[in-house]
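Chain and residue survey
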Amino acid sequence: MKTIEEFIAALDPGQREQVVELRRVILALPVELDEHIKWNSPSYVHDGIDRITMNVRNKAGAVQLVLHFDTARAEVRNAPPVMVDETGLFDETGLVRWLSDIRGVITVPPGTAVSVLEPGLSSALEGWLRIR
């Protein structure tokens, strides 16, 4: 099993920069997270459940954050997302593309600076981790 550092070192320079910056944003969130490699990618555990996993192996070459509940909750593909904020919106940042009620994806396209997305990204991730 690779360490996080070995995983990052093996990436091409563009993805490496994005992954390092995403990791910084994730680890700065005001919740306790454990970081490890799972599914051959960095994954972040909150309250004993993998909740955020990076995906760098996709057709677009983008870095993605997959928001999920590991296998702790059953997934319903056609149901509305469980992440609703106080305004009734599922994600006021517009960053999350929902694949089911409990699985969404945030995509950082190649060449996009994470700093441009950081305020909305932090907000979306904090909102996601508040859901039980």
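Attention here is on the structure that accompanies the text. Keep in mind it's a predicted model, so treat the numbers as computed, not measured.

Conventions and cut-offs
Residues numbered from 1 in each chain as written. Predicted model: local features only at pLDDT ≥ 70, side-chain atom pairs only at ≥ 80, totals over all residues. Heavy atoms only, no water. Phe/Tyr/Trp six-rings, centres within 6.5 Å; stacked < 30°, edge-to-face > 60°. Helix = DSSP H or I, 4+ residues; strand = E, 2+ residues; numbered from the N terminus. Buried < 20%, exposed > 50% of the residue type's maximum accessible area, 1.4 Å probe, protein only. Lys NZ or Arg CZ within 6 Å of the ring centre and 35° of its normal. Contact = heavy atoms within 4.5 Å. Axes fitted to C-alpha atoms, helices over the stretch in contact; angles between N-to-C directions. Left-handed = near helix turned anticlockwise from the far one by under 90°. Nonpolar A, V, L, I, M, F, W, Y, C, P; charged D, E, K, R; others polar. Pairing = 2+ DSSP bridges. Core = buried A, V, L, I, M, F, W, Y, C linked by side-chain atoms within 4.5 Å.

1. Quick look at the packing of aromatic side chains
In total, this model carries two aromatic pairs according to the counting rule given. Ring geometry for Trp98 against Trp128: centres 5.8 Å apart, planes inclined by 50°, an arrangement best described as tilted. Of the two residues, Trp98 sits in strand β5 (residues 96–98) while Trp128 sits in helix α3 (residues 114–130), which places them 30 residues apart along the sequence. Note on accessibility: Trp98 and Trp128 belong to one class, buried. Seen from the ring of Phe69, Arg73 lies directly overhead, with NZ or CZ sitting 4.5 Å from the centre.

2. Some words on the environment of Val25
Looking at the secondary structure, you find Val25 in helix α2 (residues 13–27). Given the relative accessible area of 2%, Val25 is considered buried. Linking Val25 and Val114, residues 89 residues apart in sequence, is a C-alpha distance of 8.8 Å. In this structure, Val25 is in contact with Val114, Glu118, Leu121, Ser122 and Leu125, ignoring residues within four places of it in sequence.

3. Focus on the packing of α2 against α3
Between α2 and α3, the shortest axis-to-axis distance is 10 Å and the interhelical angle comes to 35°. The element α2 and its partner α3 pack so that their crossing is right-handed. Touching Gln18, Glu21, Leu22, Arg24, Val25 and Ile26 of α2 are Val114, Glu118, Leu121, Ser122 and Leu125, all from α3. Of the residues in the contact of α2 with α3, the class split is six nonpolar, two polar and three charged.

4. Here we look at the sheet that holds strand β2 (residues 41–46)
With respect to topology, six strands assemble into an open sheet ordered β1-β2-β3-β4-β6-β5, the strand pairing being antiparallel. One side of each edge strand has no neighbouring strand; the edge strands of this open sheet are β1 (34–38) and β5. With strand direction ignored, the average angle separating the axes of adjacent strands in the sheet is 30°. Sheet analysis places strand β3 (residues 49–55) next to strand β4 (residues 63–67), joined by four bridges and oriented antiparallel. Directly across from Asn55, in β4, lies its bridge partner Gln64. Strands in contact with α2 are β1, β2, β3, β4 and β6 (104–108); relative to β4, the strand with the most contacts, it is inclined by about 35°.

5. Structural notes on unusual backbone geometry
Trans is the common state for peptide bonds, and a negative phi is the common state for residues other than glycine. One non-glycine residue, Asp47, lies in the positive phi region at around 55°. Of note in the backbone geometry, Asp70 takes a positive phi value of approximately 50° without being a glycine. Of note, Asp70 is situated in the loop between β4 and β5. Look at Asp70 and you get partly exposed, because its relative accessible area is 26%.

6. Topic: the nonpolar core
Ile52, Leu65, Leu125 and Trp128 are the most contacted members of the largest nonpolar core, which has 33 residues in total. When contributions to this core are tallied by element, the ones reaching two or more residues are α1 (4–9), α2, β3, β4, β5, β6 and α3. In this structure Leu65 touches Leu22, Ile26, Ile52, Thr53, Met54, Gly104, Val105, Ile106, Leu121 and Leu125, once residues within four positions along its chain are discounted.

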